[in-house]
Amino acid sequence: MTADAPGDVEAAVAEAHRREWGFVLAATVRVAGSIDLAEECVQDAYGAALDTWRRHGVPRSPGAWLTTTARRRALDVLRRERTLRRKLPLLVEPGVTDGPEDAVDGLGDLDEDVFTDERLRLVFTCCHPALAREAQVALTLRLLCGLTTAEIAAAFLVPEATMAARVTRAKKKIAAANIPYRVPGATELPERLDAVLTVLHLVFTTGHTAPSGDELVRTDLVDRALELARVLVALMPDEPEVRGLLSLMLLTDARRTIRLDDHGRLVLLADQDRSRWDRAGTVEGLDLLRELHHSRVGRFGVQAAIAGEHAVASSYAETRWPRMLALYDALLREWPSPVVALNRAVVLAEVAGPEVALAEVDRLAADGRLAGYRYLAATRADLLRRLGRATEAAAAYREALELSDNAAEREFLEGRLAETRGR
């Protein structure tokens, strides 16, 4: 390795954080036996990278370098603790393990052949039944994907302070309840499955449209979610919802490359050239969807069917909107979420007209559960624009702009606002 410019090193560390955080942390937890210790050691490794890589250059495999550094730090801490216990035997409580070797040995011998990816092991660990569902998902997004507390809060539609407290409580509960970092047995997998699928779906959606920043898509998160979904399909091939989730991801991600035009401007689904969608991803997603034909599917299978309707339609206008509305009705029964209800209203506008859809959106707004959700304001603005209510539409577009931190979305909303003012 040769020394690199400081700016290059900082960029390399930032990229390694985006792409490698989950893998480095998961591999370190295996040694540390503690999520808190592992997270501390991984953070130290990234800090060490800034200094070491400036002096010696960015390594050929940044992820491997970070993993080795973090694991060594964890072992050093465990060895110091073991030495302390030996020197102060009166302070050792009965039943405390003797040292890091014992801790590491105890982590690797349970159903080792079931998992092929350490990150998926960490997902299932964070999704332990002793934790509340919201805590399971939030903790996994924080630890596995390195998402900021603000990004997770935006995904859950809660204040950042609320999410920070939720993550802290979850980590404390893992420590207090002595929840082990281990592979769940085959009989334990189904009860954790829905939380794991929820995690992967949130990782995907957060990457598909980044909550903030200059990039519309965070490809690292999208690719990570797809990779883990494939591992999960291999792990549980007979679970329809697992295949449904992978189908949903593939069919949605097939549009990735044409969601922006050549000038970086957002292109809505209605305006996309469907011949340019990724054909391989579309075919694979539709094949998975066909496999679900005679299965009892849940919310992910139904969402895959909705994505499949878009995939088989030759254009937005040719979409089978009554069929789409029926699928959204089914999805609401499976998953009575206000976000699902908002998406249903978009389809309702194509079936019954924007005025009927607007009444449904206003009802959702009055409910209050979508307060602060940028797509509520954006959807309402679009319906008002279509109805020719320019003044009200402009106000709604301004509200959506205040709530959006994604550069591509902001540029689109500003264009619509200018167009509305022009009217």
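Thresholds, definitions, all that
Residues numbered from 1 in each chain as written. Predicted model: local features only at pLDDT ≥ 70, side-chain atom pairs only at ≥ 80, totals over all residues. Heavy atoms only, no water. Helix = DSSP H or I, 4+ residues; strand = E, 2+ residues; numbered from the N terminus. Core = buried A, V, L, I, M, F, W, Y, C linked by side-chain atoms within 4.5 Å. Buried < 20%, exposed > 50% of the residue type's maximum accessible area, 1.4 Å probe, protein only. Expected span 1.5 Å × (residues − 1). Contact = heavy atoms within 4.5 Å. Axes fitted to C-alpha atoms, helices over the stretch in contact; angles between N-to-C directions. Parallel < 35°, antiparallel > 145°, perpendicular 65-115°, else oblique. Nonpolar A, V, L, I, M, F, W, Y, C, P; charged D, E, K, R; others polar.

*Asks:* Tell me what's going on with the environment of Val 347, and back it up with residues and numbers.
*Replies:* Its place among the elements puts Val 347 in helix H15 (residues 338–352). A sequence separation of 26 residues divides Val 347 from Trp 321, and the C-alpha atoms of the two residues are 6.7 Å apart.

*Asks:* Pulling in residues and values, what's your account of the nonpolar core?
*Replies:* By size, the foremost hydrophobic cluster in this structure holds 106 residues, and its most contacted members are Leu 25, Tyr 46, Leu 66, Leu 120, Leu 139, Leu 232 and Met 249. Considering every element that reaches this core, the biggest residue donor is helix H1 (residues 6–32), with eleven residues. With 24 residues, the next largest nonpolar core counts Leu 342, Ala 349, Ala 381 and Leu 413 among its residues.

*Asks:* Describe in detail helix H14 (residues 321–334), supporting the description with residues and values.
*Replies:* Compared with an ideal rise of 1.5 Å per residue, which puts 14 residues at 20 Å, H14 spans 20 Å between its outermost C-alpha atoms and is within 8% of the ideal. For H14, the secondary structure elements touched by its buried residues are helix H13 (299–312) and H15.

*Asks:* I'd like to hear about the environment of Arg 166, residue by residue, with values.
*Replies:* Inspection of the secondary structure puts Arg 166 in helix H8 (residues 160–176). Judged by its relative accessible area of 16%, Arg 166 falls in the buried class. Taking the C-alpha atoms as reference points, Arg 166 and Ala 138, 28 residues apart in sequence, are found 7.7 Å from one another. When residues no more than four places from it in sequence are discounted, the contact partners of Arg 166 are Glu 134, Ala 135, Ala 138, Phe 156 and Val 158.

*Asks:* Tell me about the packing of helix H7 (residues 149–156) against H8, and please be specific about residues and values.
*Replies:* Helix-helix packing is described using two parameters, namely the angle between the two axes and the distance between the axes. It is the contact of H7 with H8, at a shortest axis distance of 8 Å, that shows an interaxial angle of 105 degrees. Between H7 and H8, the crossing angle belongs to the class labelled roughly perpendicular. Each of Thr 149, Ala 150, Ile 152, Ala 153 and Phe 156 in H7 lies in contact with H8, whose residues at this interface are Glu 160, Met 163, Ala 164 and Arg 166. Here the residues of the contact of H7 with H8 are counted per class, giving six nonpolar, one polar and two charged.

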